[in-house]
Amino acid sequence: MLHGIDVSAFQSSSYDTDGLSFVFIKATEGRSYVNPRLSAQTKTARDAGLVVGFYHFLWPGDITAQAEYFVRHAPEKAGDILAVDWETTSEGTHASNAEKDRFLRKLAELRPHNRVVLYANRHYWLDVDTTSEAGDGLWIADYVSAGHPRIKAKWLFHQYTDEPHDKNVARFRDEDSLREWTRKG
């Protein structure tokens with residue numbers, strides 16, 4: 001399995017890339033937040049030759065506007081991955097299944113040459129999700145042994161800890177396989 005991390009404004013712009021094959025970077029949230037370290041964190045990943053993914057923290061309401069906001073701010077490059085982060089908001093709400101599914105479809109429409117994945121924790125995947133829609137793949141958070149999330153669904157990425165930061169593995173044979181998968185179309 002390949003190793004990667006995900007970063008947001010809480011992490012440094014010059015994070016350690018040793019031993020990593022990929023990174024997911026928080027780009028946006030809702031319709032008003034942009035990660036102030038987005039450009040610098042992206043540069044760190046690109047300079048290290050990593051596969052880069054960007055994620056949007058989804059809020060309920062106006063899904064089209066959120067998708068447009070995300071693609072307006074997330075850098076656009078062939079081979080990048082786009083992800084929707086579907087979980088509980090700071091207000092204790094969450095986007096519905098229909099909104100999550102609509103967001104995934106809208107991203108695929110707006111950026112047809114990028115892979116689109118769903119990030120969900122184990123609780124959301126097992127207890128909240130009713131459609132099993134994950135776009136081009138599932139990025140599951142379950143804090144257990146790397147590569148062994150406690151779900152039956154096929155997954156591509158597994159976030160297995162947040163100590164000392166969010167660490168992930170990818171279910172690809174090697175970096176070439178991951179890069180081949182990202183070349184959509």
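Residues numbered from 1 in each chain as written. Predicted model: local features only at pLDDT ≥ 70, side-chain atom pairs only at ≥ 80, totals over all residues. Heavy atoms only, no water.

Enquirer: Just checking my understanding: could you explain the nonpolar core for this structure?
Expert: One recurring pattern in soluble globular proteins: nonpolar side chains tend to sit buried together. Formed by 38 residues in total, the largest nonpolar core has its most connected members in Ile25, Phe54 and Leu118. Among the elements that take part in this core, helix α2 (residues 63-73) stands out by supplying 4 residues, more than any other. If we ignore the near neighbours within four places in the chain, the residues touching Leu118 are Val84, Trp86, Lys100, Leu104, Trp125, Glu133, Ala134, Gly137, Leu138 and Trp139. Ranked by size, the runner-up nonpolar core spans 17 residues in total, among them Phe24, Val51, Ala83 and Tyr119. (Core = buried A, V, L, I, M, F, W, Y, C linked by side-chain atoms within 4.5 Å. Buried < 20%, exposed > 50% of the residue type's maximum accessible area, 1.4 Å probe, protein only. Helix = DSSP H or I, 4+ residues; strand = E, 2+ residues; numbered from the N terminus. Contact = heavy atoms within 4.5 Å.)

Enquirer: Teacher, can you tell me more about α2 here?
Expert: In an α-helix, one turn spans 3.6 residues; hence positions three or four apart end up facing the same way. Those residues of α2 that fall on the buried side of the exposure criterion are Ile63, Gln66, Ala67, Tyr69, Phe70 and Val71. In this structure, the buried side of α2 is in contact with β2 (22-29), β3 (33-34), β4 (51-57), β5 (81-85) and α3 (97-110).

Enquirer: Hey, could you run me through the layout of surface pockets in this one?
Expert: One water molecule sets the probe size; rolling that probe over the atoms shows where empty space is left. One number sums up the size of the largest pocket: a volume of about 300 Å³. Taken together, 17 residues make up the lining of the largest pocket; nearest its centre are Asp6, Tyr55, Asp85, Glu87 and Asp166. Those elements giving two or more residues to the lining of the largest pocket turn out to be β1 (2-7), β2 and β4. For the lining of the largest pocket, the per-class residue count stands at 7 nonpolar, 3 polar and 7 charged. Roughly 160 Å³ of internal volume is contained in the second largest pocket. In this structure, the second largest pocket is lined by Arg46, Gly49, Leu50, Val51, Val52, Lys77, Ala78, Gly79, Asp80, Arg179, Thr182 and Arg183. Those elements that provide at least two residues to the lining of the second largest pocket are β4 and α5 (175-182). Tallied by class, the residues present in the lining of the second largest pocket amount to 4 nonpolar, 3 polar and 5 charged. (1 Å grid on protein atoms, 1.4 Å probe; cavity = no way out; pocket = protein on both sides within 12 Å on 5 of 7 lines; lining within 4 Å. Points joined across faces, edges and corners; volume = space filled by probe spheres on them. Nonpolar A, V, L, I, M, F, W, Y, C, P; charged D, E, K, R; others polar.)

Enquirer: Quick question: what am I supposed to make of unusual backbone geometry here?
Expert: Trans is the prevailing form of peptide bonds, just as negative phi is the prevailing case for residues other than glycine. The omega angle of the peptide bond from Glu163 to Pro164 is -5°, so this bond is cis rather than trans. Looking at the element boundaries, Pro164 is found in the loop between β8 (157-161) and β9 (167-170). For Asp62, which is not glycine, the phi torsion reads 35° and is therefore positive. Residue placement: Asp62 occurs in the loop between β4 and α2.

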